[in-house]
Amino acid sequence: MIALTGNNPFSVKKLLTVNDLTTNYPVYSPCVYNHPDDN
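Residues numbered from 1 in each chain as written. Predicted model: local features only at pLDDT ≥ 70, side-chain atom pairs only at ≥ 80, totals over all residues. Heavy atoms only, no water.

### Topic: the overall build of the protein chain
A count of helical and extended segments in the protein chain gives one helix and two strands. For the protein chain, the N- to C-terminal ordering of α and β elements is β-α-β. Carbon together with sulfur atoms contributes 55% to the accessible area of the protein chain, which is approximately 3,500 Å² in total. (Helix = DSSP H or I, 4+ residues; strand = E, 2+ residues; numbered from the N terminus. Areas by Shrake-Rupley, 256 points an atom, 1.4 Å probe, with all protein chains shown as cover.)

Now the structure itself:
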């Protein structure tokens, strides 16, 4: 499991798109949206 924080979006994107293309990861994003339609 990978948890997105305010400090690691680039490293998570690099891991998922360049470094490890064969493993499936659940990604937890604790983002809060002001409008439900933005989710």
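Text resumes after the structure shown.
### So, the environment of T23
By secondary structure assignment, the location of T23 is in the loop between α1 (9–19) and β2 (27–28). Overall, the relative accessible area of 39% leaves T23 in the partly exposed class. (Buried < 20%, exposed > 50% of the residue type's maximum accessible area, 1.4 Å probe, protein only.)

### Quick look at the side chain of D20
As for its placement among the helices and strands, D20 is situated in the loop between α1 and β2. One buried charged residue, D20, remains without a salt bridge, the closest side chain of opposite sign being K14 at 12 Å. A distance of 2.9 Å separates the side chain of D20 from the side chain of T23, its partner in a polar contact. Within the local environment of D20, its side chain forms a polar contact with the side chain of Y25, the two groups lying 2.7 Å apart. Filtering out sequence-adjacent residues up to four positions away, D20 remains in contact with L15 and Y25. (Lys, Arg positive; Asp, Glu negative; His and termini not counted. Salt bridge = Lys/Arg side-chain N within 4 Å of Asp/Glu carboxyl O. Polar contact = N/O pair within 3.5 Å; in protein donor to acceptor, adjacent residues only side chain to side chain. Contact = heavy atoms within 4.5 Å.)

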